[in-house]
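Residues per chain, in single letters:
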Amino acid sequence: MAEHTQETIWLTRDAHAKLQAELAHLTGEGRTEVANRIAAARDEGDLKENGGYHAAREEQGQQEARIRQLQDMLRRAEVGEAPDDPNTVSPGTEVTIAFAGDLDDTETFLLGSREVLGLDDAVTDMQVYSPQSPLGAAILGRSKGDAVTYEAPNGKDISVSIVSVKPFTG
């Protein structure tokens, strides 16, 4: 397995393909559409008081920022496969933990990157932890039933047990 740094973004093949498609659209057809809107607004005359022109320029700025963000994410992406062992915590798995072994105090989250979730409204509220986060690093490679203690960013030790692990399917 490759060495992982804080900069790694974990993606499924599907999420990676969606981000590549979005980037291709924005750098091709998307740029052309915005440029055409800017040109059409420019032809209307006085640019100081041309709301359409300013809106199109704002849209262009936001689109270029998204292009840079996508390029950066894809450059840092590590595309993962479904885990071989469905009971082992790895990037791309949905994990439920119990705090201090209390099954009434649980949390379910995706270990990986928010980009894995895509744009599906049904899963956008799911919590996501990076494998490099304190919790993610503590449970990475562990199995259902394991108990671990990790140090939270505030310095407090937190004990959790792994209640369930399953590949994230979206």
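Residues numbered from 1 in each chain as written. Predicted model: local features only at pLDDT ≥ 70, side-chain atom pairs only at ≥ 80, totals over all residues. Heavy atoms only, no water.

Notes on the pattern of salt bridges
Under the criterion given, the structure shown has six salt bridges. A salt bridge links Arg31 to Glu64; its shortest N-O distance comes to 2.8 Å. Of this pair, Arg31 sits in helix α1 (residues 13-42) while Glu64 sits in helix α2 (residues 51-76); the two residues are 33 residues apart in sequence, bridging distant segments of the chain. For Arg31, a relative accessible area of 34% corresponds to the partly exposed category. Judged by relative accessible area, Glu64 falls into the partly exposed class, the value being 22%. Between Lys166 and Glu94 there is a salt bridge; the shortest N-O distance is 3.8 Å. Here Lys166 is found in strand β7 (residues 157-167), whereas its partner Glu94 is found in strand β3 (residues 93-99), with 72 residues between them in sequence. Taken together, the shared-partner salt bridges connect Asp72, Arg75 and Arg76 into one network. (Salt bridge = Lys/Arg side-chain N within 4 Å of Asp/Glu carboxyl O. Helix = DSSP H or I, 4+ residues; strand = E, 2+ residues; numbered from the N terminus. Buried < 20%, exposed > 50% of the residue type's maximum accessible area, 1.4 Å probe, protein only.)

Some words on the side chain of Ser133
By the secondary structure assignment, Ser133 is in the loop between β5 (127-129) and α3 (134-139). The exposure class assigned to Ser133 is buried, which follows from its relative accessible area of 17%. A distance of 2.7 Å separates the side chain of Ser133 from the backbone oxygen of Ser130, its partner in a polar contact. (Polar contact = N/O pair within 3.5 Å; in protein donor to acceptor, adjacent residues only side chain to side chain.)

Here we look at α2
The end-to-end C-alpha distance of α2, which contains 26 residues, comes to 38 Å, matching closely the 38 Å that a straight helix rising 1.5 Å per residue would cover. Within α2, the full set of buried residues consists of Tyr53, Ala56, Gln63, Ile67, Leu70, Met73 and Leu74. (Expected span 1.5 Å × (residues − 1).)

Looking at the environment of Val163
By the element assignment, Val163 lies in strand β7. Remark: the alpha-carbon pair of Val163 and Ala147, spanning 16 residues in sequence, is separated by 9.3 Å.

Quick look at α1
An ideal rise of 1.5 Å per residue puts 44 Å on 30 residues; α1 measures up with 42 Å between its terminal C-alpha atoms. If you look at α1, its biggest bend is around 40°, right at Gly30. Residues of α1 that are buried: Ala15, His16, Leu19, Leu23, Leu26, Gly30, Val34, Ile38 and Ala41. (Bend = angle between axes of the 7 residues up to and from the residue.)

Concerning the confidence of the model for the protein chain
This prediction gives the protein chain a mean pLDDT of 83; 83% of its residues lie at or above 70. Mean pLDDT values for the elements of the protein chain range from 71 in strand β1 (residues 9-12) up to 94 in strand β6 (residues 147-151). In the predicted structure, residues 1-6 sits below a pLDDT of 50 and forms six contacts with residues beyond four places in sequence or in another chain. (pLDDT = per-residue confidence, 0-100. Contact = heavy atoms within 4.5 Å.)

Quick look at the sheet that holds β3
Strand order in the open sheet formed by five strands is β5-β4-β3-β7-β6, and the pairing between neighbours is mixed. Two strands in the sheet have a free side with no partner beyond their single neighbour: β5 and β6. Taking each pair of neighbouring strands and ignoring which way they run, the sheet shows an average axis angle of 45°. For strand β4 (residues 106-111) and β5, the ladder comprises three bridges, and the chain directions are parallel. Looking across to β5, one finds that Leu110 is bridged to Val128. (Pairing = 2+ DSSP bridges. Axes fitted to C-alpha atoms, helices over the stretch in contact; angles between N-to-C directions.)

Examining the pairing of β7
When β3 meets β7, the two strands line up antiparallel, connected through seven bridges. Each residue of the ladder has a partner; that of Phe99, found in β7, is Val160. Across five bridges, the pairing between β6 and β7 is antiparallel. Considered in β7, the bridge of Thr149 is made with Ser159. Here β6 folds back onto β7 in antiparallel fashion, the turn holding five residues, of which Gly155 has a positive phi close to 90°.

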